[in-house]
Amino acid sequence: MIYKRSSALFAEAEKVIPGGVNSPVRAFKGVGGTPIFVKEAKGAYLYDEDGNRLIDYINSWGPMILGHAYEPVVNAVVEKAKKGTSFGMPTEIETKIAELAVSMVPNIDKIRFVNSGTEACMSAIRLARGFTGRDKIIKFAGCYHGHSDSFLIQAGSGASTFGTPNSPGVTQGTAKDTLLANYNDIKNVKALVEANKNEIACVIIEPVAGNMGCIPPKKDFLKALKELCESNNILLVFDEVMTGFRLAKGGAQELYRIDADIVCFGKVIGGGLPVGAFAARNEIMNHLAPLGPVYQAGTLSGNPLAMAAGLAMLTALNRDTDVFNRLADKTEYLHRGINKALIDNNITHTINRVGSMISVHFDEGEVYDFTTAAKGNNDTFKTFFHGMLNEGIYIAPSSFETWFLTDALSYEDLDFTITAVNKVAKSL
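Heads up: these notes are all about the structure in this document. (Residues numbered from 1 in each chain as written. Predicted model: local features only at pLDDT ≥ 70, side-chain atom pairs only at ≥ 80, totals over all residues. Heavy atoms only, no water.)

Moving on to the overall build of the chain. The helix and strand tally for the chain stands at 14 helices and 16 strands. By the compact-globule yardstick of 22 Å for 428 residues, the chain fits well, its C-alpha radius of gyration being 21 Å. In terms of principal-axis extent, the alpha carbons of the chain reach across some 55 × 55 × 45 Å. Buried residues in the chain amount to 54% of all 428 residues. Counted over contacts in the chain with a minimum sequence separation of 6, partners at least 24 positions apart contribute 72%. Carbon and sulfur atoms provide 50% of the accessible area of the chain, an area that totals close to 18300 Å². Between the centroid of the 42 positive side chains of the chain and the centroid of its 46 negative side chains there is a distance of 1 Å. (Helix = DSSP H or I, 4+ residues; strand = E, 2+ residues; numbered from the N terminus. Rg over C-alpha atoms; globule rule 2.2 N^0.38 Å. Buried < 20%, exposed > 50% of the residue type's maximum accessible area, 1.4 Å probe, protein only. Contact = heavy atoms within 4.5 Å. Areas by Shrake-Rupley, 256 points an atom, 1.4 Å probe, with all protein chains shown as cover. Lys, Arg positive; Asp, Glu negative; His and termini not counted. Charge placed at Lys NZ, Arg CZ, Asp CG, Glu CD.)

Looking now at the nonpolar core. One recurring pattern in soluble globular proteins: nonpolar side chains tend to sit buried together. Grouped together as the largest cluster of nonpolar side chains are 64 residues, with contacts concentrated most on F140 and F245. With 11 residues, helix α10 (residues 304-319) is the largest single contributor of residues to this core. By size, the runner-up hydrophobic cluster in this structure holds 46 residues, among which are Y57, A341, M357 and I418. (Core = buried A, V, L, I, M, F, W, Y, C linked by side-chain atoms within 4.5 Å.)

Turning to the packing of helix α2 (residues 71-81) against α10, a few remarks are in order. Where α2 meets α10, the closest approach of the two axes is 8 Å, and the angle between their N-to-C directions is 150 degrees. As judged from the angle between their axes, α2 and α10 are roughly antiparallel. Handedness of the crossing formed by α2 with α10: right-handed. Taken together, the residues of α10 that come into contact with α2 (itself represented by P72, V73, A76, V77, K80 and A81) are P304, L305, A308, A309, A312 and M313. Each residue belonging to the contact of α2 with α10 can be placed in one class, and the counts come to 11 nonpolar, no polar and one charged. (Axes fitted to C-alpha atoms, helices over the stretch in contact; angles between N-to-C directions. Parallel < 35°, antiparallel > 145°, perpendicular 65-115°, else oblique. Left-handed = near helix turned anticlockwise from the far one by under 90°. Nonpolar A, V, L, I, M, F, W, Y, C, P; charged D, E, K, R; others polar.)

Further remarks concern the sheet that holds strand β9 (residues 200-205). Spatial ordering of the open sheet is given by β4-β12-β11-β10-β9-β5-β8, a layout of seven strands whose pairing is mixed. With partners counted over all chains shown, the strands left at the sheet margins are β4 (110-114) and β8 (178-181), one partner each. Within this sheet the neighbouring strands show an average axis-to-axis angle of 20 degrees, counted without direction. Sheet analysis places strand β10 (residues 235-239) next to strand β11 (residues 262-265), joined by three bridges and oriented parallel. The residue of β11 that forms the bridge with V237 is I262. Against the sheet, helix α4 (residues 117-132) touches β4, β5 (136-140), β9, β10, β11 and β12 (276-280), its axis set at about 165 degrees to β11. (Pairing = 2+ DSSP bridges.)

Okay, the environment of R353 next. Within the fold, R353 resides in strand β13 (residues 350-354). Spatially, the C-alpha atoms of R353 and H335 are 7.6 Å apart, while their sequence positions differ by 18 residues. If we ignore the near neighbours within four places in the chain, the residues touching R353 are C214, P216, T331, E332, H335 and I358. A distance of 2.8 Å separates the side chain of R353 from the side chain of H335, its partner in a polar contact. (Polar contact = N/O pair within 3.5 Å; in protein donor to acceptor, adjacent residues only side chain to side chain.)

The next subject is the environment of D261. Looking at the secondary structure, you find D261 in the loop between α8 (251-256) and β11. Owing to a relative accessible area of 10%, D261 belongs among the buried residues under this scheme. For D261 and A280, which are 19 residues apart along the polypeptide, the C-alpha to C-alpha distance reads 6.0 Å. With sequence-adjacent residues up to four places away left out, D261 is seen in contact with K226, I234, L235, L236, A279, A280, R281 and I284. A polar contact of 3.0 Å, which involves the side chain of D261, links it to the side chain of R281.

A separate point is the sheet that holds β13. Two strands in a sheet stick together by hydrogen bonds in their backbones, pointing the same way (parallel) or opposite ways (antiparallel). On the basis of which strands lie adjacent, the open sheet formed by three strands has the order β13-β14-β16 and antiparallel pairing. The open sheet has two edge strands, β13 and β16 (403-404), and neither has a second partner. The pairing of β13 with strand β14 (residues 357-361) spans five bridges and is antiparallel. Note on β14: the bridge partner recorded for I351 is V360.

Next up on the list: the pattern of salt bridges. The final tally for this structure, using the stated rule, is 18 salt bridges. With its nearest N and O atoms 3.3 Å apart, the salt bridge here joins K219 to D220. Between R326 and D320 there is a salt bridge, with its nearest N and O atoms 2.6 Å apart. Taking relative accessible area as the criterion, D320 reaches 26% and is therefore assigned partly exposed. Ionic contacts of the salt-bridge type, sharing partners, join the residues K226, E230, D261, R281 and E283 into one network. (Salt bridge = Lys/Arg side-chain N within 4 Å of Asp/Glu carboxyl O.)

So, on to the side chain of N196. Along the chain, N196 falls in the loop between α6 (186-195) and β9. Among the polar contacts made by the side chain of N196, one reaches the side chain of K136 at a distance of 2.7 Å. A distance of 2.8 Å separates a polar side-chain atom of N196 from the backbone oxygen of L192.

This part is about α6. Within α6, burial applies to I186, N188, V189, L192 and V193. One side of α6 carries all its buried residues, which in axial view fall inside an arc of 160 degrees. Facing away from the buried side of α6 by more than 90 degrees, the exposed set consists of K187 and E194. Between the side-chain oxygen at the start of α6 and the backbone nitrogen of K187 there is a gap of 3.3 Å, and the oxygen is on D185. (Arc of directions from axis to C-beta.)

Take a look at the structure:
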């Protein structure tokens, strides 16, 4: 495929935007080459500035669960925009989407809307600290909760080691209150809790990790984590920015039958517009201003366009009782096809899958945390990525990202993708 127009646009963007992109993964630094500039999208397909059509397995990193330019969402946004785009005042539609979200998700009484998943996680941590009166948090290596200072932390392996900043601009004062645990390692979490008795406000986790590839929780890991938190008066925070309204109507809480204390949302809940949210039972949410002392605010939070898009998306998912089964079936079909193609071509690999999230790791061992994910052959992934792109398939431009499927994908699209994998695998 030719990307002459994309290359020219990227060169222009680099002059006025840092790195030419407004989010780092878009720059293709992990795979090399020039980013693709999209002109439009519809259903399961992207159309770039050079006129190429690509089958999309990113779907705006998750929100387009029913396909690009999904008509009910587009119509809802257009009609709402005609009446004004933002007021900075309450609107009825905020209550409607809140009522719907609360009815769909287990174990929440109230929800507050914000503008991004990052903002949702940041606010959830503040709320947990305010509710418990404690300062420290535990996060897991490889789990990404946005670019808030508290989350950009890398720590040593000792149970009581304080974190050190993983990005310039994050202070030691912030880092010292973040403890880093190993995903799927309950003994490691217990050691951190024991070494910081009565100091930990919350544990925040992606119940299914999506930022080191797709990594499911091991059997009973989330259950053990919940029990550990309960016995130590620590709040359990589920970052369901990726998994919420994607793995099931009620997200990972429903799928794994685990009740978190605070849940964060993004992506699907906004129907493709910038929306995040965090939710909990009344006892916790009533600590938020204006009811309580924990302050959180946002000028564009709950703006009419975002609420209209989100309401249309959640309404569609709530009505279609089979959508999550269809997505899981399509993902399983793709999994089996890719697996066979790679095996037939003697390519060392591991595939992880949960619902409509899937990732291919070019390593033979089980991938269950950040360390095992990092063992994958990145050179092989780079070749695979560009090979798939040349075949008209767009996957995540990083080996540390999950793929997201959309219900707009047909089985013909899946077969085309599997054929492309088989072709590309011959050159790996």
